[in-house]
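Residue-level structural notes
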Amino acid sequence: SAGIGITGSGSAAPAGRLTNQDLARMVETSDDWITTRTGIQQRCLATPKESLLTLGTEASQKALAMAQVQPQELDLVILATSTPDDLFGSAVSIQRAIGATQAVAFDLTAACSGFVFGLVNAAQFIRTGAYRKVLLIGADILSRWVDWSDRSTCILFGDGAGAVVIEATAPDRDRLLGFELCSDGSLNHTLTLNHQGEEKNLTEEVTVGQGKYQPITMKGKEVYRFAVEKVPEVILKALFHAELTAEQVDWLLLHQANQRIMDAVAQRLNLPPERVISNLASYGNTSAASIPLALDEAQHAGKLKSGDIIAMSGFGAGLTWGSAIVQW
Ligand code: ACO
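If you're wondering where the values come from, they're calculated on a predicted model, not measured in any experiment.

Re the overall build of the protein chain
Per the secondary structure count, the protein chain includes 10 helices and 13 strands. A compact globule built from 328 residues should have a C-alpha radius of gyration of about 20 Å, and the protein chain, at 19 Å, falls within 12% of that. For the protein chain, the share of sequence-separated contacts (at least 6 apart) that also reach a separation of at least 24 residues comes to 79%.

Here it is in structure tokens:
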């Protein structure tokens, strides 16, 4: 079957900035508390002019330019997001904006694991020979869904978008070496963005324009413990499928949720801090965007050398988690 290659990456950060000092004026918190508990110093937030569409489109166009792929050549567009502009799906809006006229486009929801789930999804279409060129976007605007008076969650999240172009390659140049995906619905209550689910009589007139979703709720400690236990485990499983060991990993690229989680996972895998890709300090937790955003930055910084082994892992609401081992 065909091999998988990542041939381009792009990202887009919104124009708004919110520092820890800004947050300390909004809720009872401090720069010191946020920095020591999370490693986050500021986050980028979407301004009223920006949307999932504008950020996703910008990231996509950059990824296509790097891959030297024309939008009309794309067979498939997958948008990993939990915060579409339109609950029916926003992938189609990006498809239209970039002119991917020959592609089929759909959204994929797996919270902060969305990018890794999307990558594995895209790979299946390529391996079977159904499609050859796929655009995968990870984008989220969680700032719209955060309770800005809840200091335990509002300090964590930022907005952003990242994208990659994934193409069929010769089987002996396959760059997706292994993966493992997991979910556990019994832990769903630990991280939610729930519809309020009011009982409505079907004949009752539906009121438009009222908030029908509860903001993000999170049991931070439980999510933290879950991540520190499950992420190393899933990476080791994916490495096993790739017939690799942790020592062979050049870059650990985790969902950017908390620096303490990244440090703990690196320690469990016995990887030194200099092999951990982190841009959390400047962006906060951008959910499905965090891995492609950090990947694109590392790529532009010249960190990634051809042949490097990247162990990616996404984890978050669902709960969902997964790992993909990619050779650059
Ligand atoms: N500023 C100051 N104090 C705070 C703040 C704040 N922003 N937030 C909470 N506190 C207080 C709490 O009220 C508590 O006080 P108490 O001891 O008097 O009750 C104290 O600080 C400790 O709170 P904890 O919640 O126990 O703090 P913890 O060390 O667990 O850190 C954190 C909280 C940073 C949220 C951590 O649990 C974490 O990172 N969890 C993982 C979260 C995560 O990554 N979620 C995203 C997953 S991805 C996705 O899909 C969205």
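Back to the text.
Let's talk about the environment of Gln124
Its location among the elements puts Gln124 in helix 5 (residues 114-127). Taking C-alpha positions, Gln124 is 13 Å from Ile78, a pair spaced 46 residues apart along the chain.

Let's talk about the nonpolar core
Membership of the largest hydrophobic core comes to 102 residues, with the highest contact counts inside it found for Val77, Ile78, Leu135, Leu136, Ile137 and Leu253. It is helix 7 (residues 220-241) that contributes the most residues to this core, eight residues altogether. Ignoring any residue separated from it by four or fewer positions in sequence, one finds Leu253 in contact with Ile277, Ile291, Ala294, Leu295, Ile310, Ala311 and Met312.

Describing helix 10 (residues 290-300)
Of all 11 residues making up helix 10, eight are buried, and the element is well covered by its neighbours. Where helix 10 ends, the next residue or the one after it, Gly302, has phi of about 75°, a positive value.

Here we look at the UniProt feature "active site" (unreviewed entry) in the protein chain
The UniProt entry lists Cys112, His255 and Asn285 under the feature "active site" (unreviewed entry), expressed in the numbering used here. In sequence the annotated residues extend across 174 residues, while in space they remain close, none of their C-alpha pairs exceeding 8.8 Å. What His255 contacts, discounting residues up to four positions off in sequence, is Cys112, Ser290, Ile291, Ser313, Gly314, Phe315 and Gly316. Relative to the helices and strands, Asn285 is located in the loop between helix 9 (280-283) and helix 10. For Asn285, a count of 24 C-beta atoms within 10 Å corresponds to the buried category. Those residues in contact with Asn285, other than ones at most four positions away along the chain, are Leu156, Phe157, Gly158, Gln256, Ala257 and Ser290.

Here we look at the site of the ligand
Close to the ligand lie 22 residues, the nearest being Thr29, Cys112, Gly220, Ala257 and Gly316. The set of elements that each furnish at least two residues to the shell around the ligand consists of helix 2 (31-38), helix 6 (151-154) and helix 7. Counted by class, the shell around the ligand contains 11 nonpolar, eight polar and three charged residues.

Things to note about the confidence of the model for the protein chain
For the protein chain, per-residue confidence averages 95 on the pLDDT scale, and 95% of positions sit at 70 or higher. Confidence metrics for the complex model read pTM 0.94 and ipTM 0.92.

Rules behind the numbers
- Sequence order as written defines residue numbering, which begins from 1 separately in each chain.
- Owing to the predicted nature of the model, reporting of local features is limited to residues with pLDDT of at least 70; listing and counting of side-chain atom pairs is limited to 80 or more, with chain, interface and lining totals taken over all residues.
- In this text, helices come from DSSP runs of H or I with a minimum length of four residues, and strands from runs of E with a minimum of two, each type numbered from the N-terminal end.
- We compute the radius of gyration over the C-alpha atoms and compare it with the globule rule, which gives 2.2 Å times the number of residues raised to the power 0.38.
- Here, residues touch in the contact sense if the C-beta positions derived from the backbone fall within 7 Å of one another.
- What we call a nonpolar core is a set of buried Ala, Val, Leu, Ile, Met, Phe, Trp, Tyr and Cys residues whose membership is set by joining through C-beta atoms within 7 Å.
- In this scheme every C-beta is placed from the backbone, and a residue whose C-beta has 20 or more other C-beta atoms within 10 Å is buried, one with 12 or fewer is exposed, and one in between is partly exposed.
- UniProt positions are given in the numbering used here, feature names are shortened, and annotations may be inferred rather than shown by experiment.
- Being near a molecule or strand means, for a residue, that its C-beta atom, positioned from the backbone, comes within 6 Å of it.
- In this classification, the charged set is Asp, Glu, Lys and Arg, the nonpolar set is Ala, Val, Leu, Ile, Met, Phe, Trp, Tyr, Cys and Pro, and all remaining amino acids, among them Gly, are polar.
- pLDDT is a residue-level measure of predictor confidence that goes from 0 to 100.

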